[in-house]
Amino acid sequence: MQAGSAVRAPLDGVVHAIANNEAPLDYGPVVILRHEFPSVNGDVRNFFTLYGHLTLQTLSRLRVDQKIARGEKFAELGVTQENGGWTPHLHFQIICDLLDYGTDFPGVGRASERGVWTSLSPDPNLLLGIPAERFPAKETDASELWRRGGHCWEGA
């Protein structure tokens, strides 16, 4: 998406945290919204959504505990020079438990830890609903080629 593109809340929420993570290739301006939902026993449970690579101006307009309505524009995508050094895009992440990381919650992890991180950050498309045809085709890995009989060294 282009820098300046609007970021809208997928659900009602409250601003939980804001920061400018200025280190190269970090989130740059980042916002975390807190969302509440009733549990089976009637208690209220929380989960979070993280938005990274925003504009600095976004941070100046928000405050902790500010209510954000579903569909409300609350941020814009930042330019490379302010968003952590990235081509403009939105880092969107669902987080079940912040584990005291706050705005430093990891956005990437080791493949060997995939199970742990996906239990804490489920598929964001649960909220976004992006059609499957918008995703790139999965690359075939070496083990799949082997299973199909595509031995690359045959005849070498």
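For the structure itself, consult the block above.
This write-up is about the structure you can find in this document. As the structure is a computational prediction, the values presented were derived from the model and not from experiment.

## Here we look at the pairing of strand β3 (residues 28-38)
Working step 1: Relative to β3, strand β2 (residues 13-21) runs antiparallel, the two sharing 7 bridges. Across the sheet, the residue bridging to N20 is P29, located in β3.
Working step 2: Connecting β2 to the antiparallel partner β3 that follows it, the hairpin turn spans 6 residues, and L25 within it adopts a positive phi of roughly 65 degrees.
Working step 3: In this sheet, strand β4 (residues 44-52) lies alongside β3 in antiparallel orientation, the contact comprising 9 bridges. For L33, the partnering residue across the bridge sits in β4 and is T49.

## Some words on the pattern of salt bridges
Working step 1: Taken as a whole, this structure holds 3 salt bridges when the rule is applied.
Working step 2: The shortest N-O distance in the salt bridge between E76 and R61 comes to 2.7 Å. In this pair, E76 is assigned in strand β6 (residues 73-76) and R61 in helix α1 (residues 56-61), connecting sequence segments 15 residues apart.
Working step 3: The class of E76 is buried, set by a relative accessible area of 8%.
Working step 4: Take R61: its relative accessible area is 39%, and that puts it in the partly exposed class.
Working step 5: One salt bridge connects K73 with E76, and the closest N-O pair in it is separated by 3.1 Å.
Working step 6: K73 sits in the partly exposed class, given a relative accessible area of 40%.

## Points about a nonpolar patch on the surface
Working step 1: A cluster of nonpolar side chains, namely L128, I130 and F135, defines an oily patch on the protein surface of about 250 Å² accessible area.
Working step 2: By secondary structure assignment, the location of F135 is in the loop between α3 (125-128) and α4 (142-148).
Working step 3: Given a relative accessible area of 44%, F135 falls into the partly exposed group.

About the cut-offs
- Residues numbered from 1 in each chain as written.
- Predicted model: local features only at pLDDT ≥ 70, side-chain atom pairs only at ≥ 80, totals over all residues.
- Heavy atoms only, no water.
- Pairing = 2+ DSSP bridges.
- Helix = DSSP H or I, 4+ residues; strand = E, 2+ residues; numbered from the N terminus.
- Salt bridge = Lys/Arg side-chain N within 4 Å of Asp/Glu carboxyl O.
- Buried < 20%, exposed > 50% of the residue type's maximum accessible area, 1.4 Å probe, protein only.
- Patch = residues over 30% accessible without salt bridge, like charges linked within 9 Å, V, L, I, M, F, W, Y side chains within 5 Å.
- Areas by Shrake-Rupley, 256 points an atom, 1.4 Å probe, with all protein chains shown as cover.

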